[in-house]
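Spelled out, the chains give:
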Amino acid sequence: MSASTTPVSPNTVSRSDSTPLTQDGQPLKRSLAKALRREKLRALMLISPLLIFIIVSFVLPIGDMLFRSVENNIVRDTLPGTVRALSDWDPTVDELPDESVYAALADDLMLAQEVKIHTRLGSRLNYDQPGISSVFRKSGRAIKRLDNEAAMAALVALEPAWNTPQAWATLRDMKAWPAQFPATAQSYRNWMAWLKSEEGDDVDPTQLVPHGFTYAALVHDLQKMPAAKIESFVTSTNTDAAALFTNLAGNIADLPNDDFKAQFAKIDKGWVQADNWQAIKRLSPSITDSYFLASIDTERTAEGITQKPENERIYLRLFVRTIFLSMVITCSCILLGYPVAYLLANLSVRASNMVLILVLLPFWTSLLVRTSAWKVLLQQQGVINDLLVWARVIDEAGRLVMINNMTGTIIAMTHILLPFMILPLYSVMKTIAPSYMRAAKSMGASDSLAFWRVYFPNTVPGIGAGSILVFILSIGYYITPELVGGTSGVFISNRIAYHISSSLNWGLAAALGSILLLLVLALYWTYDRIVGIDNVKLG
Amino acid sequence: MKFTTGLSGALALSAVALVATAAEELPACENCADEMTIVSWGGAYSNSQLQAYHKPYSEATGVDIVNDESSAEAVAKLRAMNEANNVTWDVVDVVAADAMRLCDEGLAMEIDADEQLEPAPDGTPASEDFGELMVSDCFVPQIVYSTTFGYRTDVEAWGGKTPEDICAVFDTATFPGKRALEKRPINNVEWALLCDGVAKEDVYDVLGTDEGVTQALAKLDTIKDDVIWWSAGAETPQLLADGEAVIGSTYNGRLFSVIEEQKQPVAMLWDAQVFDLDGWIIPEGLSEERRNRALHYLRFATDTQRLADQSQYISYGPARASSAPLVGKHAELGIDMAPHMPTDPANASNTFLYNYEWWADNRDDLDAKFQSWLSQ
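In this text, all values refer to a predicted model and were calculated from it rather than measured experimentally. (Residues numbered from 1 in each chain as written. Chains lettered and ligands numbered in written order. Predicted model: local features only at pLDDT ≥ 70, side-chain atom pairs only at ≥ 80, totals over all residues. Heavy atoms only, no water.)

Section: the overall build of chain B
On a plain count of helices and strands, chain B comes out with 14 helices and 10 strands. Relative to the 2.2 N^0.38 estimate, which gives 21 Å for 376 residues, the radius of gyration of chain B is 21 Å and therefore close to what a compact globule would have. Considering only C-alpha atoms, chain B reaches an extent of 65 × 45 × 35 Å along its principal axes. Split into buried and exposed, the 376 residues of chain B put 59% on the buried side. Summed over its atoms, the accessible surface of chain B is roughly 14,000 Å², and 47% of this surface lies on carbon and sulfur atoms. Between the centroid of the 25 positive side chains of chain B and the centroid of its 63 negative side chains there is a distance of 5 Å. (Helix = DSSP H or I, 4+ residues; strand = E, 2+ residues; numbered from the N terminus. Rg over C-alpha atoms; globule rule 2.2 N^0.38 Å. Buried < 20%, exposed > 50% of the residue type's maximum accessible area, 1.4 Å probe, protein only. Areas by Shrake-Rupley, 256 points an atom, 1.4 Å probe, with all protein chains shown as cover. Lys, Arg positive; Asp, Glu negative; His and termini not counted. Charge placed at Lys NZ, Arg CZ, Asp CG, Glu CD.)

Regarding the overall build of chain A
Within chain A one finds 26 helices and 2 strands. Taking 24 Å as the expected radius of gyration for a compact globule of 539 residues, we find that chain A reaches 36 Å, considerably beyond that expectation. Across its three principal directions, the C-alpha atoms of chain A cover 115 × 95 × 45 Å. With 539 residues in all, chain A has 44% of them scored as buried. Restricting to contacts in chain A with at least 6 residues of sequence separation, those with at least 24 account for 72%. For chain A, the computed accessible surface area is about 27,900 Å², with 62% contributed by carbon and sulfur atoms. (Contact = heavy atoms within 4.5 Å.)

Section: the pattern of salt bridges
Under the defined criterion, the tally for this structure stands at 29 salt bridges over all chains. Close ionic contact of B:Glu118 with B:Arg299 constitutes a salt bridge, the shortest N to O distance being 3.4 Å. In this pair, B:Glu118 sits in the loop between α5 (113-116) and α6 (126-130) while B:Arg299 sits in helix α12 (residues 288-301), placing the two residues 181 residues apart along the sequence. For B:Arg299, a relative accessible area of 26% puts it in the partly exposed group. Each of A:Glu312, B:Asp210, B:Asp365 and B:Lys369 takes part in salt bridges that share partners, so that together they form one network. (Salt bridge = Lys/Arg side-chain N within 4 Å of Asp/Glu carboxyl O.)

Let's talk about the packing of helix α22 (residues 434-442) of chain A against helix α23 (residues 447-475) of chain A
Residue and element names in this part refer to chain A. Packing of α22 against α23 leaves a shortest axis separation of 9 Å and a crossing angle of 145°. At the point where α22 passes α23, the crossing takes the right-handed sense. Listed contacts from α23 to Tyr436, Met437, Ala440 and Lys441 of α22 are Asp447, Ala450, Phe451, Val454, Tyr455 and Asn458. (Axes fitted to C-alpha atoms, helices over the stretch in contact; angles between N-to-C directions. Left-handed = near helix turned anticlockwise from the far one by under 90°.)

Quick word on the domain arrangement of chain B
All names here are of chain B. When its domains are assigned, chain B resolves into domain 1 (3-145 + 277-351) and domain 2 (147-274 + 354-374). A separation of 28 Å is found between the C-alpha centroids of domain 1 and domain 2. Between domain 1 and domain 2, the residue contacts involve 21 residues of the former and 19 residues of the latter. Summed over both partners, the interface of domain 1 with domain 2 buries about 1,800 Å², with 52% contributed by carbon and sulfur atoms. It is Arg101, Tyr145 and Asn350 that lose the most area in domain 1 upon contact with domain 2, and together they represent 28% of the buried surface on that side. Counting the contacts that link domain 1 with domain 2 gives 11 residue pairs in polar contact (both at pLDDT 80 or more). (Domains from an automatic or database assignment. Buried area = accessible area lost by both parts, 1.4 Å probe. Polar contact = N/O pair within 3.5 Å; in protein donor to acceptor, adjacent residues only side chain to side chain.)

Quick word on the environment of A:Met65
Residues and elements named next belong to chain A. Within the element layout of this structure, Met65 appears in helix α1 (residues 28-67). Each C-alpha atom of the pair Met65 and Ala510 lies 6.0 Å from the other, and the pair is 445 residues apart in sequence. When neighbours within four sequence positions are excluded, Met65 is seen to be in contact with Ile500, Trp506 and Ala510.

Digging into the nonpolar core
Grouped together as the largest cluster of nonpolar side chains are 100 residues, with contacts concentrated most on B:Leu220, B:Ile281 and B:Tyr297. The element that contributes the greatest number of residues to this core is strand β8 (residues 266-281) of chain B, accounting for 8 residues. When residues of this core are sorted by domain, at least three fall in each of domain 1 (3-145 + 277-351) and domain 2 (147-274 + 354-374) of chain B. Other than its neighbours up to four places away in sequence, B:Tyr297 contacts B:Met36, B:Ile38, B:Tyr53, B:His54, B:Tyr57, B:Ile65, B:Val91 and B:Trp280. One finds A:Ala103, A:Ala142, A:Ala151 and A:Leu222 within the second-largest nonpolar core, a separate group that totals 63 residues. (Core = buried A, V, L, I, M, F, W, Y, C linked by side-chain atoms within 4.5 Å.)

Description of the interface of chain A and chain B
Taken together, the contacts link 36 residues of chain A with 36 residues of chain B. Summed over both sides, the interface of chain A with chain B buries roughly 3,500 Å², with 41% coming from carbon and sulfur. Per-residue buried area on chain A facing chain B is highest for A:Arg137, A:Thr487 and A:Leu504; these three make up 16% of the total on that side. Run the count over chain A and chain B and you get 7 salt bridges. Here B:Asp367 and A:Arg495 are joined by a salt bridge, their closest N and O atoms 2.8 Å apart. Here chain A and chain B share 27 residue pairs in polar contact (both at pLDDT 80 or more) between them. Of the residues belonging to the side of chain A that touches chain B, the class tally is 8 nonpolar, 16 polar and 12 charged. (Nonpolar A, V, L, I, M, F, W, Y, C, P; charged D, E, K, R; others polar.)

Examining the confidence of the model for chain B
Per-residue confidence for chain B gives a mean pLDDT of 89; residues scoring 70 or more make up 93%. Segment residues 1-24 of chain B: pLDDT under 50, and 49 contacts once partners within four positions in sequence are set aside and those in other chains are kept. (pLDDT = per-residue confidence, 0-100.)

A look at the pairing of strand β4 (residues 140-152) of chain B
Residue and element names in this part refer to chain B. Extensive coverage of β4 is indicated by the burial of 13 of its 13 residues. Pairing between β4 and β8: 11 bridges, direction antiparallel. Residue pairing in the sheet places Thr147 in a bridge with Val274 of β8. In this sheet, strand β7 (residues 247-251) lies alongside β4 in antiparallel orientation, the contact comprising 5 bridges. Bridging across to β7, Tyr151 finds its partner in Ile247. (Pairing = 2+ DSSP bridges.)

Brief notes about the packing of aromatic side chains
Enumeration according to the criterion identifies 41 aromatic pairs over all chains in this entry. Summarising the aromatic geometry, the rings of A:Phe136 and A:Trp271 are spaced 5.3 Å apart at their centres and angled 70° between planes, so their arrangement reads as edge-to-face. Note that A:Phe136 is positioned in helix α6 (residues 132-142) and A:Trp271 in the loop between α14 (260-267) and α15 (274-282), a separation of 135 residues in sequence. Judged by relative accessible area, which is 0%, A:Phe136 ranks as buried. Given the relative accessible area of 1%, A:Trp271 is considered buried. Centroid distance B:Trp358 to B:Trp359: 5.0 Å. Interplanar angle 90°. Geometry classified as edge-to-face. Considered together, B:Trp358 and B:Trp359 belong to a single accessibility category, that of buried residues. The rings of A:Trp162, A:Trp168, A:Trp177, A:Phe181, A:Tyr188, A:Trp191, A:Tyr215, A:Phe233 and A:Phe245 are connected pair by pair, giving a single aromatic cluster. Positioned above the aromatic ring of A:Trp506, the side-chain terminus of B:Arg79 is 4.6 Å from the ring centre. Seen from the ring of B:Trp373, B:Lys224 lies directly overhead, with NZ or CZ sitting 4.6 Å from the centre. (Phe/Tyr/Trp six-rings, centres within 6.5 Å; stacked < 30°, edge-to-face > 60°. Lys NZ or Arg CZ within 6 Å of the ring centre and 35° of its normal.)

As for a negative patch on the surface
Where like charges cluster on the molecular surface, the negative patch consists of B:Asp112, B:Asp114, B:Glu115 and B:Glu128. Take B:Glu128: it is sitting in helix α6. (Patch = residues over 30% accessible without salt bridge, like charges linked within 9 Å, V, L, I, M, F, W, Y side chains within 5 Å.)

Topic: the confidence of the model for chain A
Considering every residue of chain A, the mean pLDDT works out to 89; 96% of them sit at 70 or more. This stretch, residues 1-14 of chain A, has a pLDDT under 50; its non-local contacts, to residues over four places away or in other chains, come to 9 contacts.

Thoughts on α15(A)
Every buried residue of α15(A) is accounted for by A:Ala274, A:Asn276, A:Trp277, A:Ala279 and A:Ile280. Those residues of α15(A) that are buried are in contact with α2 (74-78), α3 (80-86), α4 (99-114), α5 (118-128) and α6 of chain A.

Some remarks on a positive patch on the surface
A cluster of basic residues, A:Arg30, A:Lys34, A:Arg37 and A:Arg38, forms a positive patch at the surface. Secondary-structure assignment places A:Arg30 in helix α1.

Some words on the domain arrangement of chain A
According to the domain assignment, chain A consists of domain 1 (27-67), domain 2 (77-146 + 259-288), domain 3 (150-254) and domain 4 (317-535). Computed over C-alpha atoms, the centres of domain 2 of chain A and domain 4 of chain A are 51 Å apart.

Let's talk about the packing of helix α17 (residues 315-346) of chain A against helix α25 (residues 492-501) of chain A
Residues and elements named next belong to chain A. Remark: α17 packs on α25, axes separated minimally by 8 Å, with the N-to-C direction vectors making an angle of 130°. As judged from the angle between their axes, α17 and α25 are oblique. Of α25, the residues touching α17 (which contributes Tyr315, Leu318, Phe319 and Thr322) are Ile492, Arg495 and His499. In terms of residue class, the contact of α17 with α25 is made up of 4 nonpolar, 2 polar and 1 charged. (Parallel < 35°, antiparallel > 145°, perpendicular 65-115°, else oblique.)

Shown next, in the form of structure tokens:
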């Protein structure tokens, strides 16, 4: 539909073996390429304002929105330690994760509630696991009351040096300490972030010992290590580290932990339900297919990807309905628009201008006013029903239901989109010379034969352009179906709008939007294959 | 949440009409912006706020208040503003469920009621004066409204009978005609269960099971063909006035206006009305001057007198217990407002308490089921 302006490739002056040179001694080829490049750059600069505008205001925001359909960093960012600890846990076994996961959870939540992001994670998880949002909300309030001193007290009882900032400095200086003490290192980072948020920048974390959660993490790390490794700390040349671990070695298995699992069970029983943990584990990767699965009425369960229960399926049905209704609307636009466009193209200039104004008038009226006007006309106590009852075509009890259903959507949207069909048709018909028809008739064709064999084929590009416009506009329509569609006449875009503005499930909205976009592209491609996109004329 | 008792008891007292006195006692605002944007719902409701809060506040402080009528999309817009790091709203009027959502998402700031709000005239701290209505840490309640039913009083097919209780909605034999219900599960599924023999206190336990949801939808199925589903609160009054629906649910203030202001043949059915709250939040991420201004406004607009003043313009109950005795007459019609309050004892004999926490957990799930049911 658009003409591209590729420069014509230059003819080289000579095809002899010696490289042709220009006057300044440059090889002609290079000089030409240079000139062409300059030309292209200039062209690029001319369109650059538009290009930048389109990229900034269209491509980037839409790309960002569509990316949300798979983006899922929130679990990993909010519960980093928990996600790491969960990597050892097998969700298919119907067992709860072990204590180290709960310790990591306590630690992560302590920081998350401090920076107030735990409830945000709760509402994200709630899309896939109903009921979990209140688990997070309750836990945020209760987390500060958790007992977290047991591990610390036991460690310090065995080796008092653990209660000094130097012990932690030694630990931090150990080679590859995040790899050797993964939970502890994570917890230490969380604690520093927590401290900064709680106390500001004035406090130097290196002068303090971390809170109890970090000691609990250390105990878990130690208990997961083979005894030989702890022995290697004791015998290492790093005397500071050796001193820290000498008294611990041999006692590690007996170190108590704070039993966070029991404490979490007391906060909310949701924490001891395996399905909640399965949901967290399932959603812990930073890319997810859960939104796309949900948007085609499926979900991931223990048995793999399955269809949702019958009473929760909705999106496939809406997609089918959206496409079906859009096609019906496009067809009715063709049926109604074709005669009008024909009239426009064949009337005298004066009269056709008048008709054109009538066609354009709806364009200048607010969409909401037009839609509401249809309500007044079509409702059961409305103008049309009143007229029909008055004319005794129907009786009082038999008033027609023409709105708040599919019929309402089709009528109102056909009316609203009609100009988009009439105008391309009109501009195509305008270019068909009347002599074609006269020629056909002079050759003996009847009126209808001349029309179908000569006139109509010439208008097909206009029908094509109008149909594409109307179809693509209607497939994404939202406000009119919402107002007049009742329940049987709503489109997929109404659900997208709901998820954007009401449920805040932007990921699902983005997935539905992506699918809609793909559908339009697929239909466009099919159209191109069948009719040919060159066969489309806007004027 | 039994906030009805305190409010309604107080409302029963004779109402004292008080003119909003310019707040000469209003303390100066230090380091504050001199312009603010307040977001609300528009229509008669925004007008009541304009008269009761914005005008006196502007007069007392000289602050320019810009009104934005975007409350219906407040949650989505606030999230977008927050992501863009450009919050342009200062105070936002939202329903309690949205406030909870905003608080959960970290989009609204926490407000310490006792520190940042005015105590009652007798010195009762704000948190006690609002009592159970403070359903979220970020939310300052403003009004109590209820979702309830209105019906036409001139339906011939009803043979002179009038609906006495909520179950009339489900009784299409005695009360034939179209019903207007909101296009979402909230309230509808509760009413359906109540009329299907579930005891009031068991409703949310039953709804928590798959069978319960099926039961509620099955009950709604019996009237599905007779329902016009609305999505904006203004639709039901219009449908009732046109005779397009004979009975329908909406917010009580909308019905007040269609009955008392427009004098349409419509009456209230107060049975099983569902109380809900509307109030203020302050977005997270404001600059210090703007936050100070927002808090200064909030302290003024949610004091006892101001909340009572609002009820001169719209029939919603003030959220402070101490405001209730001050509820006066309608500013234009001159009728007593107390009997039109959802919290009036005559209206509140049978109310239903909406469970915020439950809906916050189950809204997405139940909505999917409800919409699936609707589209079948």
